[in-house]
Amino acid sequence: MAHDIEKRCTDLLDRPGYRSGVAWCRTALCATACILAMGCGPKPVATASTVSAQPQEPEPAPVRAVKFGSYDEKPGGMFDLRIVEYPVWFANLQRNNHLEVPTEAKGTLAWKKTFSEMQPGEMFWRGKHHAVEKESWDRMVFQVPTQVLVSGGNIGVASSEHLFLFNPMGKLTLLTSAGGGGTSKPVVFGNRAFAYTDDIPYLMVQEYGGTFVLNQKTFPFLDTWSGAFLLLPREDELIAVVQYTGGPQRNPKKHYIYKRSFNENDDGFAWVVERQGSLTQALLTEDEKTILLVQGSRVISLDTEDGKEIRSFDSGFSESATAILDLSGNIVVAGRKAGRSEDQWFLACFDQSGKSLWEHSLSVELGTNRSWHMQPPAAGMNDRIYIVEGHSLQRLDSGQVVWRQRLQKSESHWLTVTSNEWIITLSGPVLEVFRDDGTRIFRLALSLPSEFENKRERFSAPVAVDALGKLYVASSNGVYCIE
């Protein structure tokens, strides 16, 4: 009997996306076998359950293979982001909202749950467990979510102060304090663990079952007056880009780029670079070998191995608003051109040497358009770019508009592009999905009741997709799953 239970644990845990195996194993009193089966990361510093005992769940259906393999295969590294559906805000460290998983969702609401019906008994805070009172819970859950993240069967919803972890059936499995309010305090979902900052802020790394890998590790240069533009945790090191805003004393703004080791025998910097001024964006190439900094009119490339500058070029912008890397590694920058009218903004594409590939004149003034600061362009196959201008979704091929589709008018629009080139848009409560030829597949209006009278439901995060093609949407009131 014991041998059968241990084998069951091992089989489930070999599917790193579905941590329901952990709950099953604990119910069967074989947590030790689970941890050994994981076989990943440094020796944990703390282990605990964050919610009350859960009932046994059915074995999940097989997960659809993604570009870099299947979750039924032997798992990769703890922070192998290539096989994670939605590791960071804007999908990846290229910030292009492109996912390596397909979807064939038809617009059917599988389930929706309000935060008020999910109250757990405990939460993590500063590495320890604390009971959650009803009054405290109400304050937590009505913060507006800014990120939805997916790694296999783990669905994360992050607000400015907390991270909620759900399974694919919408059951709350873990709650922790996390400064997850967008790119300033990022959350990263890896293959078998996730990284975030608490309110100190310290760097925290936990396995999806709750075990700490890193607990309250110093996050260099990140403090109350700083924000992290880039966070790449690895098995034993951290690559980061941190922007200092100057603080209340209005000191000179500066940013830090570094690689730091977390090896027990070497807890220092491999290298660190300090630069003056404010960044527009920090991007990481898909092979994780190059960091690209966009600062005003300059684009600077740094080698992640030693921090040395590879090259830099002038984009011609007097002001840049946002930037991404497309699927070919080209840099797409939105900004205002030097010497042009203040009301005229452009989208331009360069290769990494600085060669101009195309330019597109924008009809909106990016300096006052909230959507552009929150939602950068999204990338598709064959170097296609998807943008929203004036509440219209547009597809650009080499800078030329191929088609437009009118969207629901909203203060912000969110885009997600899947590997089969379906474009998922979220405009307030209205979810719409389009094919790459502009054909609308479905339109769905979402709504959840509020615990507070006359409180408007707010949507402030892009839609995430899991390996089965299910869509996940988070609002100030709760979470939706669409098939």
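Residues numbered from 1 in each chain as written. Predicted model: local features only at pLDDT ≥ 70, side-chain atom pairs only at ≥ 80, totals over all residues. Heavy atoms only, no water.

1. Considerations on the environment of Leu325
Rule in force here: Secondary structure is summarised from DSSP: a helix means a run of H or I of at least four residues, a strand means a run of E of at least two, and numbering begins at the N terminus for each. Three labels apply to residues, based on accessible area from a 1.4 Å probe with only protein chains included: buried if under 20% of the type maximum, exposed if over 50%, partly exposed otherwise in between.
Examined against the element boundaries, Leu325 turns out to sit in strand S20 (residues 317–325). Its relative accessible area of 2% is what places Leu325 among the buried residues. In this structure the C-alpha to C-alpha distance between Leu325 and Leu283, which are 42 residues apart in sequence, comes to 7.3 Å.

2. Re the nonpolar core
Here is the rule: Here, the term nonpolar core denotes a set of buried Ala, Val, Leu, Ile, Met, Phe, Trp, Tyr and Cys residues that are joined through side-chain atoms within 4.5 Å. Residue contacts are defined here by distance: any two heavy atoms, one from each residue, within 4.5 Å place the two residues in contact.
By size, the foremost hydrophobic cluster in this structure holds 41 residues, and its most contacted members are Phe166, Leu431, Leu446, Leu471 and Ile482. Not counting residues within four places of it along the chain, the set of residues in contact with Phe166 comprises Phe115, Met118, Gly153, Asn154, Ile155, Val157, Lys171, Leu172, Thr173 and Val479.

3. What to know about the pattern of salt bridges
To keep it simple, the criterion reads: Definition used for salt bridges: Asp or Glu carboxyl oxygen within 4 Å of a side-chain nitrogen of Lys or Arg.
Considering all chains together, one arrives at 14 salt bridges under this definition. Residues Glu237 and Arg234 are paired through a salt bridge, measuring 2.7 Å at the closest nitrogen-oxygen approach. What makes Glu237 buried here is its relative accessible area of 17%. Its relative accessible area of 25% is what places Arg234 among the partly exposed residues. Taken together, the shared-partner salt bridges in this structure form one network comprising Arg234, Glu237 and Glu288.

4. A short note on the packing of aromatic side chains
Put simply, the test is: To pair, rings of Phe, Tyr and Trp, with the six-membered ring standing in for Trp, must have centres within 6.5 Å; the planes then decide the type, stacked if under 30 degrees apart, edge-to-face if over 60, and tilted in the middle. Remark: a charge is flagged as sitting over a ring if the NZ atom of Lys or the CZ atom of Arg is within 6 Å of the ring centre and within 35 degrees of the ring normal.
Here the structure, examined in full by the defined rule, presents 15 aromatic pairs. Taking the centre distance of 5.7 Å and the plane angle of 45° together, the rings of Phe189 and Phe194 count as tilted. For Phe194, a relative accessible area of 0% corresponds to the buried category. Clustering of aromatic rings is evident, with ring pairs tying together Phe189, Phe194, Tyr196 and Tyr208. Between Lys337 and the ring centre of Phe317, over which it is positioned, the NZ or CZ distance is 5.2 Å.

5. Looking at the pairing of strand S22 (residues 345–350)
Rules: A pair of strands counts as paired when DSSP detects no fewer than two bridges linking them.
The buried count for S22 comes to 6 of 6 residues, which makes it a mostly enclosed element. The alternating pattern of S22 places Trp345, Leu347 and Cys349 and Phe346, Ala348 and Phe350 on opposite faces, both of which are buried. Bridge count between strand S21 (residues 331–337) and S22: 6 bridges; the pairing is antiparallel. Looking across to S22, one finds that Val332 is bridged to Cys349. Pairing geometry for S22 and strand S23 (residues 356–362), over 6 bridges, is antiparallel. Pairing of Trp345 across the sheet is with Leu362, part of S23. Here S22 folds back onto S23, and the loop between the two strands holds 5 residues, one of which, Gly354, carries a positive phi near 105°.

6. Here we look at the pairing of strand S4 (residues 147–151)
A regular strand places its side chains so that they alternate between the two faces of the sheet. For S4, a buried count of 5 out of 5 residues is recorded, marking the element as mostly surrounded by other parts of the structure. Residues Gln147, Leu149 and Ser151 of S4 are buried on one face, and the alternating residues Val148 and Val150, pointing to the opposite face, are buried as well. In the sheet, S4 pairs with strand S5 (residues 154–158) via 5 bridges, with the strands oriented antiparallel. Bridge assignment links Val148 to a residue of S5, and that residue is Val157. Between S4 and S5, which pair antiparallel in sequence order, lie 2 residues; one of them, Gly152, sits at a positive phi of approximately 60°.

7. Some words on the confidence of the model for the protein chain
So the rule is basically this: As a per-residue measure, pLDDT reflects the predictor's confidence and takes values from 0 up to 100.
Looking at the protein chain as a whole, its pLDDT mean stands at 79, while 73% of the residues score no less than 70. Across the protein chain, the secondary-structure element scoring lowest on mean pLDDT is helix H3 (residues 31–38), at 30, and the one scoring highest is strand S30 (residues 430–434), at 98. This model gives residues 1–74 a pLDDT under 50, and the stretch forms 125 contacts once residues within four places in sequence are excluded.

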